[in-house]
Amino acid sequence: NLNNILLTGNSKTTAEDGAVLNAADLVLDQNSSLTLLNQTLNIPTITVDEGSVLTLTESESYFVDTLTITGNSTVTVAPEKILYLDLQNLIINSGSYLEANGKGYLDGPGTPDDVSLNGASYGGKGGGPDAKPVYGSATAPLDFGSGINRRGGGAIRLIVENLENDGIISANYGVPGDRTSGGSVYVTAGTITGSGKFEANGGSSVWPNGLTAGGGGRVALYFENSDYVPNATATGGQFCFSGCNPASEDGTVVINPSNPPCTVDC
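Below is a summary of the structure that appears in this document. The residue numbering used here restarts from 1 in each chain and proceeds along that chain's sequence as written. Only residues with pLDDT of at least 70 get local features here, since the model is predicted, and only at 80 or more are side-chain atom pairs given and counted; chain-wide, interface and lining totals rely on the full set of residues. To get the side-chain values, all heavy atoms of the structure are used, and hydrogens and water are removed first.

The way it works is that DSSP assigns letters per residue, a run of H or I at least four long becomes a helix, a run of E at least two long becomes a strand, and they are numbered from the N terminus. Inspection of the secondary structure puts arginine 179 in the loop between strand 15 (168-170) and strand 16 (184-193). Remark: exposure states derive from per-residue accessible area (1.4 Å probe, protein chains only) relative to the maximum for the residue type, with buried under 20%, exposed over 50%, and partly exposed in between. When charges are tallied, Lys and Arg are placed among the positive residues and Asp and Glu among the negative ones, while His and the ends of the chain are skipped. For this document, the term salt bridge refers to a Lys or Arg side-chain nitrogen within 4 Å of an Asp or Glu carboxyl oxygen. Buried charge arginine 179 goes without a salt bridge, the closest partner of opposite sign being aspartate 178 at 7.6 Å.

What follows covers the state of the cysteines. Here, the word disulfide means a covalent bond between the sulfur atoms of two cysteines. Any pair of cysteine sulfurs within 2.5 Å is marked as a disulfide. According to the stated counting rule, one finds 1 disulfide in the structure shown. Two residues share a disulfide in this structure: cysteine 240 and cysteine 244, whose sulfurs sit 2.0 Å from each other. One quick way to see it: the torsion about the S-S bond of cysteine 240 and cysteine 244 is about 120°, and its sign makes the bridge right-handed. Its relative accessible area of 24% is what places cysteine 240 among the partly exposed residues.

Turning next to the sheet that holds strand 1 (residues 5-7). Pairing between strands is defined by DSSP: at least two bridges between them are needed. Judged by pairing direction, the sheet is parallel, and its 9 strands sit side by side in the order 1-4-7-10-12-14-16-19-23 without closing on themselves. What marks the edges here is a single partner per strand, and that holds for strand 1 and strand 23 (252-256). The mean angle between the axes of side-by-side strands here comes to 20°, regardless of whether they run parallel or antiparallel. In terms of strand pairing, strand 7 (residues 45-48) meets strand 10 (residues 66-69) through 4 bridges, oriented parallel. Axes here mean lines fitted to C-alpha atoms, for a helix over just the part in contact, with angles spanning 0 to 180 degrees between N-to-C directions.

What follows deals with the side chain of serine 205. Mapped onto the fold, serine 205 is located in strand 18 (residues 205-206). With sequence-adjacent residues up to four places away left out, serine 205 is seen in contact with Arg179, Gly210, Thr212, Ala213, Gln238, Phe239 and Cys240. Here, residues are in contact when the closest pair of their heavy atoms is within 4.5 Å.

A few words on the packing of aromatic side chains. Aromatic rings from Phe, Tyr and Trp, taking only the six-membered ring of Trp, are treated as a pair when their centres fall within 6.5 Å; an angle between ring planes under 30 degrees marks them as stacked, one over 60 as edge-to-face, and anything in between as tilted. For the coordinates displayed, the defined rule picks out 4 aromatic pairs. Here the aromatic rings of tyrosine 122 and tyrosine 135 are separated by 4.7 Å at their centres, their planes lie at 40°, and the arrangement is tilted. Note that tyrosine 122 is positioned in the loop between strand 13 (97-99) and strand 14 (155-165) and tyrosine 135 in the loop between strand 13 and strand 14, a separation of 13 residues in sequence. We note that tyrosine 122, like tyrosine 135, is buried.

One ladder, built from 8 bridges, connects strand 16 with strand 19 (residues 218-226); its direction is parallel. Counted as the bridge partner of valine 185 is valine 219 from strand 19. Relative to strand 23, strand 19 runs parallel, the two being bridged by 5 bridges. Bridge pairing links alanine 220 to valine 254 in strand 23.

A word on the sheet that holds strand 5 (residues 33-35). Reading across the sheet, the 8 strands line up as 2-5-8-11-13-15-17-20 and stay open at both edges, with parallel pairing between neighbours. Of all the strands in the sheet, the pair left with one neighbour each is strand 2 (12-14) and strand 20 (231-233). Looking at each pair of strands side by side, their axes are set apart by 10° on average, direction ignored.

Structural data, given as structure tokens:
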């Protein structure tokens, strides 16, 4: 048991699998990184700062009140694991990220049989004549995006009383030109404030693949109070060659301040 845990000065640490971490606070700064493996976190306050990276693996048990991501830092997740957080306060400052980009399926329900002629689907249909149909729920999205040799977008599930987002919360494609589908961003919040973005966008296509970009993913935001209309996108990818044009279908965006489908994880 510690009063606090400080990781600093480019330190790179993987916590012992299954360990219980008890502390008053956890701070990552100066480009440090920490990967958690099935931890139980009894830590009221976690701060990720100064270009640092915190990687989760879905199986953690959280007893955390406040997570702050600031100073161009990132909280992410392992591939094919849902980035799940149930918190009182989540604060993401400008220039920082909560992301599951490229953390979805390599070969998923939306991966086409002929990857040379079609893009991957999820919330929106991929480009091409024989792209797979869309799948998953628009109102409670938890599915991963599908891939084409690279992973589609991952999945983020947030249950937060106070969400202050001035950064980016995203489950996008992984690599530009990868033609994969966007993933899922599913938020239930008491209050949303800030001016940040929520994204689940599909990957673009480049020559010689033509109009075979990845379909958009799915975003669903439910909240009781907000001081702005959240900026949410699940756009399909484009074909970019001497300019860019739409080359797949957009996914789904649901923004509903009054009628979430559930108030607990579902």
